[in-house]
Every structure is written in C-alpha cells, then in structure tokens.
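Structure at a glance
The residues making up each chain are set out below.
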Amino acid sequence: MPSPTPGQILRQLDQQQAALRKVRQVVQEARAGGVDRQRALGLGWEALQATHRLLGSIPLGAADEAVMLRQLQVQRYATALLVRLRRLLRTETADGEEAEEAFDE
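These numbers were taken from a predicted model, which means no experiment stands behind them.

Moving on to the overall build of the chain. A tally of regular secondary structure across the chain gives three helices and zero strands. Helices and strands in the chain line up, N terminus first, as α-α-α. When burial is assessed residue by residue, the chain has 30% of its 105 residues classed as buried. Across the chain, contacts joining residues at least 24 apart in sequence account for 80% of those joining residues at least 6 apart. If you sum the accessible surface of the chain, you get close to 7,100 Å²; carbon and sulfur atoms cover 53% of it.

Okay, structure coming up:
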C-alpha cells in the first residue's frame, strides 16, 4: 500500500475538521436544550477519537510544513470541542444534582 501524499492528508484533515464543526453545532444545540445531552456527548467523544486516530496515523513522509500547520489547527479545534464537552458534562451533572436536591425536599 503506497504511503499517502501530503495532499491526501490535508484533505483528510479538512474532512475531520468539518466533522468536528458539525459536532460542535450539536453540542451548542444541546446546551440550548434542543438536543439530548448524552447524545451530544457521545457524538463529540466519537469525533475526538476519530480525530486523534487520524492525527496519530500520519506518516512522517507525508508530514510537510503545510500538513503540520493543519494538524495544529485541527488539534486546537479538537481541544476546544473537548472543553465544550466538559462544560456540557458539568452542566448536566449540576442539573442532575439540583433535581435530586429538589426531590429530597
């Protein structure tokens, strides 16, 4: 199997960032209450896993300056999504605790 070219890697990175963008939109909708939070968390986690698999599979031979710069951009975007997922999880946990406290009273 031939080694991927930098152009192929750039296209894959672009596709993965587009997937992250879609998931980010779902997370925003979940924060607003339009989408199930667990579903948004699951989709976000799967997207992060796919991103890290892709980033870890790039061979050194295809890693030119443009690819490395794009990797940095995708990693930053993935990190921002992870922060949003964490906030969504924390909000969900806080909401659940408030509901339990109200039930106890």
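For the rest of this paragraph, the subject is the confidence of the model for the chain. Averaged over every residue, the pLDDT of the chain is 89; residues scoring 70 or more account for 89%. Between residues 98–105, whose pLDDT stays under 50, and residues either more than four places distant or in other chains, the model counts zero contacts.

What follows concerns helix α1 (residues 6–32). Taking 1.5 Å per residue, 27 residues should reach 39 Å; α1 reaches 39 Å between its end C-alpha atoms and fits that length. Here α1 has its buried residues at Ile9, Leu13, Gln16, Gln17, Leu20, Val23, Val26, Val27 and Ala30. Remark: glycine 33 follows α1 within two positions and exhibits a positive phi of approximately 95°.

As a further point, take the side chain of arginine 70. Here arginine 70 lies in helix α3 (residues 65–104). Aside from chain neighbours lying at most four places away, what touches arginine 70 is Leu10, Leu13, Asp14 and Gln17.

Note on soluble globular proteins: their nonpolar side chains tend to be buried together. Among the nonpolar cores identified, the biggest contains 23 residues, and Leu13, Leu20, Val27 and Leu81 are the most heavily contacted of them. Beyond its immediate chain neighbours, meaning those up to four positions away, valine 27 contacts Ala40, Leu81, Arg84, Leu85 and Leu88.

A surface patch of positive charge is lined by Arg31, Arg86, Arg87 and Arg90. When residues in the positive patch are grouped by element, the largest group, three residues, is from α3. In this fold, arginine 86 is placed in helix α3. Assessed through its relative accessible area of 52%, arginine 86 is described here as exposed.

What counts, and at which threshold
Residues numbered from 1 in each chain as written. Predicted model: local features only at pLDDT ≥ 70, side-chain atom pairs only at ≥ 80, totals over all residues. Heavy atoms only, no water. Helix = DSSP H or I, 4+ residues; strand = E, 2+ residues; numbered from the N terminus. Buried < 20%, exposed > 50% of the residue type's maximum accessible area, 1.4 Å probe, protein only. Contact = heavy atoms within 4.5 Å. Areas by Shrake-Rupley, 256 points an atom, 1.4 Å probe, with all protein chains shown as cover. pLDDT = per-residue confidence, 0-100. Expected span 1.5 Å × (residues − 1). Core = buried A, V, L, I, M, F, W, Y, C linked by side-chain atoms within 4.5 Å. Patch = residues over 30% accessible without salt bridge, like charges linked within 9 Å, V, L, I, M, F, W, Y side chains within 5 Å. Salt bridge = Lys/Arg side-chain N within 4 Å of Asp/Glu carboxyl O. Lys, Arg positive; Asp, Glu negative; His and termini not counted. Charge placed at Lys NZ, Arg CZ, Asp CG, Glu CD.

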